[in-house]
Amino acid sequence: MMTLKENVQRVSSQVAQACQAASRSETSVKIIAVTKYVDSSITKKLIDAGMTDLGENRVDKFLEKKAELINEKVTWHFIGSLQRRKVKDVINEIDYFHALDSISLATEIEKRALKPVKCFLQVNISREGSKHGFLVEELAEVLPQLAKLEKITIVGLMTMAPFEAEKETIQTIFEETETLRKTIQSQAWPNMPMTELSMGMSQDYPLAIAAGATYVRIGTAFFK
Ligand SMILES: *Cc1c(COP(=O)(O)O)cnc(C)c1O
């Protein structure tokens, strides 16, 4: 069992190594420490160890934690799927939303947000039925609808690789996501800067960084 601080150092240096291997600057990848497994006091230790960006996936636990850590300077990422009826509770409390996966959810955000929300479009590149996210072929219809919304800024794409897959399969999924990001970026929708790519978890973040991830969402690796 390593200390939390040692784990932060290990993950940070592995992220730096993956950047170097991909000839990318270390500042081009941000670590989101996923704190859904731990309470506020352990989350506070992660902040003290240098983590600035935190990820949560449950509305109630997120709100509780944010309140308990009110004096900390944190960039909050909501990374889980969000039910429409909970949008109003959470959407003005976060800095980034990583799981925009339907037009009805986007419409609800449009209604409830006080200012534009930085969102990642979640895409289901692996095509697993269990996964959330838009299929690539749905986007031609979806993007023009999202482009009409004033409270939605699409900063990039988010995807999840299958839990059990060959390295090559995961690599291909991440590379396809980066290609799709560039394609949408080149379409130059006014509310879609599309500069970011949220992909890579404890199991696969070096592969995600190699393929162009700008945000990696890491939980388990900090807590073992
Ligand atoms: C839990 C979670 C993570 C972190 O996964 P680990 O395998 O613990 O690193 C990343 N992204 C999402 C959407 C999650 O729900």
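Residues numbered from 1 in each chain as written. Predicted model: local features only at pLDDT ≥ 70, side-chain atom pairs only at ≥ 80, totals over all residues. Heavy atoms only, no water.

**Section: the UniProt feature "modified residue: N6-(pyridoxal phosphate)lysine" (unreviewed entry) in the protein chain**
As recorded in UniProt, the feature "modified residue: N6-(pyridoxal phosphate)lysine" (unreviewed entry) lies at Lys36. Mapped onto the fold, Lys36 is located in the loop between strand 1 (30–34) and helix 2 (40–48). Of the residues examined, Lys36 reaches a relative accessible area of 27% and is grouped as partly exposed. Sequence-distant contacts of Lys36, that is, excluding residues within four places in its chain, are made with Gly55, Glu56, Asn57, Lys61 and Lys65. (UniProt positions renumbered as here; feature names shortened; annotations may be inferred. Helix = DSSP H or I, 4+ residues; strand = E, 2+ residues; numbered from the N terminus. Buried < 20%, exposed > 50% of the residue type's maximum accessible area, 1.4 Å probe, protein only. Contact = heavy atoms within 4.5 Å.)

**A closer look at helix 2**
For helix 2, the complete set of buried residues consists of Ser40, Thr43, Leu46 and Ile47. One face of helix 2 carries all of its buried residues, which in axial projection span an arc of 110°. In helix 2, the exposed positions angled more than 90 degrees off the buried face are occupied by Lys45 and Asp48. The secondary structure elements touched by the buried residues of helix 2 are helix 1 (4–21), strand 1, strand 2 (53–56) and helix 3 (59–68). Of the residues flanking the end of helix 2, it is Gly50, one or two places downstream, whose phi is positive at about 115°. (Arc of directions from axis to C-beta.)

**A short note on the site of the ligand**
Near the ligand you find Val34, Lys36, Tyr37, Asn57, Ile79, Met160, Met201, Ser202, Arg217, Ile218, Gly219 and Thr220, and these make up its full shell. Within the side chain of Ser202, an N or O atom sits 2.5 Å from an oxygen atom of the ligand. For the ligand, an oxygen atom lies 2.8 Å from a polar atom in the backbone of Gly219. Here the ligand, which alone exposes 380 Å², has 90% of that area covered by the protein. Tallied by class, residues from the shell around the ligand come to six nonpolar, four polar and two charged. (Near = heavy atom within 4 Å. Polar contact = N/O pair within 3.5 Å; in protein donor to acceptor, adjacent residues only side chain to side chain. Areas by Shrake-Rupley, 256 points an atom, 1.4 Å probe, with all protein chains shown as cover. Nonpolar A, V, L, I, M, F, W, Y, C, P; charged D, E, K, R; others polar.)

**Description of the side chain of Asn57**
When you line up the elements, Asn57 lands in the loop between strand 2 and helix 3. Asn57 gets classed as buried once you look at its relative accessible area, which sits at 16%.

**With respect to unusual backbone geometry**
Residues other than glycine seldom take positive phi values, yet Ala188 does so here, at roughly 55°. Structurally, Ala188 is set in the loop between helix 7 (167–186) and strand 7 (196–198). Accessibility expressed as a relative area gives 57% for Ala188, which makes it exposed. At Met194, a position not held by glycine, the phi torsion is positive, near 55°. Counting through the fold element by element, Met194 comes out in the loop between helix 7 and strand 7.

**Observations regarding the packing of aromatic side chains**
Applying the stated rule across the entire model yields eight aromatic pairs. The interplanar angle of 75° and the centroid separation of 6.2 Å between the aromatic rings of Phe62 and Phe78 together place this pair among those described as edge-to-face. Taken together, the residues span a long stretch of sequence, with Phe62 in helix 3 and Phe78 in strand 3 (residues 75–78) at a distance of 16 residues. The exposure class assigned to Phe78 is buried, which follows from its relative accessible area of 0%. These aromatic residues form a ring-pair network of at least three members: Phe62, Trp76, Phe78 and Phe97. Over the ring of Tyr96 we find Lys118; its NZ or CZ atom is 5.2 Å from the centre of that ring. (Phe/Tyr/Trp six-rings, centres within 6.5 Å; stacked < 30°, edge-to-face > 60°. Lys NZ or Arg CZ within 6 Å of the ring centre and 35° of its normal.)

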